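Here is what each chain is made of, one letter per residue.
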Amino acid sequence: MPYIDKAFYTDVYMGTPIDEGAFPRLLERACDTIDHLTNYALVGLDLDTMHQVIQLNVKKAVAAQLEYLSLSGEGAVHGESTANNISIGNFSYSEGQKQSGLSREQRMISPATVSFLRATGFLNRGVSVRG
């Protein structure tokens, strides 16, 4: 289930333009990544009933991952990023020696995605025990 639509990505997140044909496919991949990162905690929940801060951060996390996949290439889904330099507006990122030491899983996920999700509490993979 997609957590955002094209209007959110374009009008609210103001992401880098993505080809119309690629958007649904990349959105699906981005949502899969969010589900994986959150240990599927959002599956079956109604995002619209959650606090607005949580809603916004989950949606921005999806948008950030979507943009990352678009800029890095779909190979990023498999940890195969070939992008060495990325520019978005005034922001510029160059892959250096420090980045090359990242694990395959770390290369699959946008750092911005993790930052947005951190504010939701859904990255906590702790185990709770009920008596």
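Computed from a predicted structure; not experimentally measured.

1. Details of the pattern of salt bridges
Taken as a whole and judged by the stated rule, the model has 1 salt bridge. In this structure, K6 engages E20 in a salt bridge whose closest nitrogen and oxygen atoms are separated by 3.5 Å. With a gap of 14 residues between them, K6 in helix α1 (residues 6-12) and E20 in the loop between α1 and α2 (23-37) connect regions that are remote in the sequence. Residue E20 is classed as exposed on the basis of its relative accessible area, which comes to 58%.

2. Overview of the nonpolar core
I4, Y9, L42, V62 and L66 are the most contacted members of the largest nonpolar core, which totals 27 residues. Every element with two or more residues in this core is listed here: α1, α2 and α3 (52-72). If sequence neighbours within four positions are ignored, L66 has contacts with I4, Y9, I18, F23, L26, L27 and A30.

3. Section: the environment of F8
Relative to the elements of secondary structure, F8 occurs in helix α1. Taking C-alpha positions, F8 is 8.2 Å from A63, a pair spaced 55 residues apart along the chain. Those residues within four positions of F8 in sequence are excluded, and the remaining contacts are Y13, M14, L56, K59, K60 and A63.

4. Quick notes on unusual backbone geometry
You will see that M14, though not glycine, has its phi angle at about 55°, which is positive. Summarising the element assignment, M14 is placed in the loop between α1 and α2. Looking at M14, the relative accessible area reads 63%, which means it is exposed. If you check the backbone angles, Y40 has positive phi at about 60° while not being a glycine. The topology assignment puts Y40 in the loop between α2 and α3. Taking relative accessible area as the criterion, Y40 reaches 48% and is therefore assigned partly exposed.

5. Details of the packing of aromatic side chains
Going through the model one piece at a time under the given rule, you end up with 2 aromatic pairs. Between Y9 and F23, the ring centres sit 5.8 Å apart and the planes meet at 65°, which makes this aromatic pair edge-to-face. Here Y9 is found in helix α1, whereas its partner F23 is found in helix α2, with 14 residues between them in sequence. Site record: aromatic cluster; members linked through ring pairs are Y9, Y13 and F23.

Cut-offs applied
Residues numbered from 1 in each chain as written. Predicted model: local features only at pLDDT ≥ 70, side-chain atom pairs only at ≥ 80, totals over all residues. Heavy atoms only, no water. Salt bridge = Lys/Arg side-chain N within 4 Å of Asp/Glu carboxyl O. Helix = DSSP H or I, 4+ residues; strand = E, 2+ residues; numbered from the N terminus. Buried < 20%, exposed > 50% of the residue type's maximum accessible area, 1.4 Å probe, protein only. Core = buried A, V, L, I, M, F, W, Y, C linked by side-chain atoms within 4.5 Å. Contact = heavy atoms within 4.5 Å. Phe/Tyr/Trp six-rings, centres within 6.5 Å; stacked < 30°, edge-to-face > 60°.

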